[in-house]
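Working through the structure, step by step
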Amino acid sequence: MKKILLVCAAGMSTSLLVNKMNNAAKEKGVEVEITALPVSEADKLTDEVDIVLLGPQVRFQKPQVDALVKGRIPVEVIDMRLYGTMNGKAVLENALSKI
């Protein structure tokens, strides 16, 4: 099972995206565990996930998250258009391709 961590400013704005990604995973028959957290709590799960996705609003904090994961896993910024349209399918596919 792949584990994905979505990180945003407060952990709230990604909730809808997590739901859409979970629905897309079910349609594809892919087993994933997707968690959303505020960037201030990202360090709690970075050792347990396969990829960290940053919401566009916290893209400036990518260097700090990169330092947390120490190159062990990919850290990607979610495309602003995909995030804005809550395209869970595309975000999931991008994440899986990077893992």
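Everything here concerns the structure above.
Residues numbered from 1 in each chain as written. Predicted model: local features only at pLDDT ≥ 70, side-chain atom pairs only at ≥ 80, totals over all residues. Heavy atoms only, no water.

A look at unusual backbone geometry
For clarity, the threshold we go by: Put simply, DSSP H or I for four residues or longer makes a helix, DSSP E for two residues or longer makes a strand, and each gets a number counted from the N terminus.
One non-glycine residue, K70, adopts positive backbone phi at about 50 degrees. Mapped onto the fold, K70 is located in the loop between α2 (62-69) and β4 (75-77).

Focus: the environment of P63
Tracing the chain through its elements places P63 in helix α2. Between the C-alpha atoms of P63 and E31, which are 32 residues apart in sequence, the distance is 29 Å.

Looking at the pattern of salt bridges
Going by this rule: Here a salt bridge means any side-chain nitrogen of Lys or Arg lying within 4 Å of a carboxyl oxygen belonging to Asp or Glu. Exposure categories follow from relative accessible area, calculated using a 1.4 Å probe and restricted to protein chains: below 20% of the type maximum is buried, above 50% is exposed, and the middle band is partly exposed.
Here the structure, examined in full by the defined rule, presents four salt bridges. For K62, the salt bridge goes to D66, with nearest N and O atoms at 3.0 Å. Here D66 and K62 lie together in helix α2, a separation of four residues that amounts to about one turn. Among the residues examined, K62 registers a relative accessible area of 25% and is labelled partly exposed. Across the pair D79 and R81 runs a salt bridge whose closest N-O atoms are separated by 3.9 Å. Residue D79 is classed as partly exposed on the basis of its relative accessible area of 33%. Residue R81 is classed as exposed on the basis of its relative accessible area, which comes to 66%.

Thoughts on the sheet that holds strand β1 (residues 2-8)
Heads up, the condition is: For two strands to be treated as a pair, DSSP must find no fewer than two bridges joining them. For helices, the fitted line uses only the C-alpha atoms of the stretch in contact; every axis is such a line through C-alpha atoms, and the angle between N-to-C directions lies from 0 to 180 degrees.
Spatially, four strands are ordered β2-β1-β3-β4 in an open sheet, and the strand pairing comes out parallel. Strand pairing shows two members of the sheet lacking a second neighbour, β2 (32-38) and β4, which therefore form its edges. Between one strand and the next, the sheet's axes are offset by a mean angle of 25 degrees, whatever the strand orientation. Relative to β4, strand β3 (residues 51-54) runs parallel, the two sharing three bridges. The residue bridging L54 from the neighbouring strand is V77, located in β4.

Re helix α1 (residues 15-28)
Stated precisely, the cut-off is as follows: Expected span of a helix, by definition, is 1.5 Å for each gap between consecutive residues, and there is one gap fewer than residues. This arc describes the spread of directions from the helix axis toward the C-beta atoms.
Between the first and last C-alpha of α1 there are 20 Å, a value that for 14 residues agrees with the 20 Å anticipated at 1.5 Å per step. Those residues of α1 that fall on the buried side of the exposure criterion are L17, V18, M21, A24 and A25. The buried residues of α1 occupy an angular sector of 125 degrees when the element is viewed end-on, so they sit on one face. Facing away from the buried side of α1 by over 90 degrees, the exposed positions are K26 and E27. Where α1 terminates, the next one or two residues include G29, which has phi positive at roughly 75 degrees.

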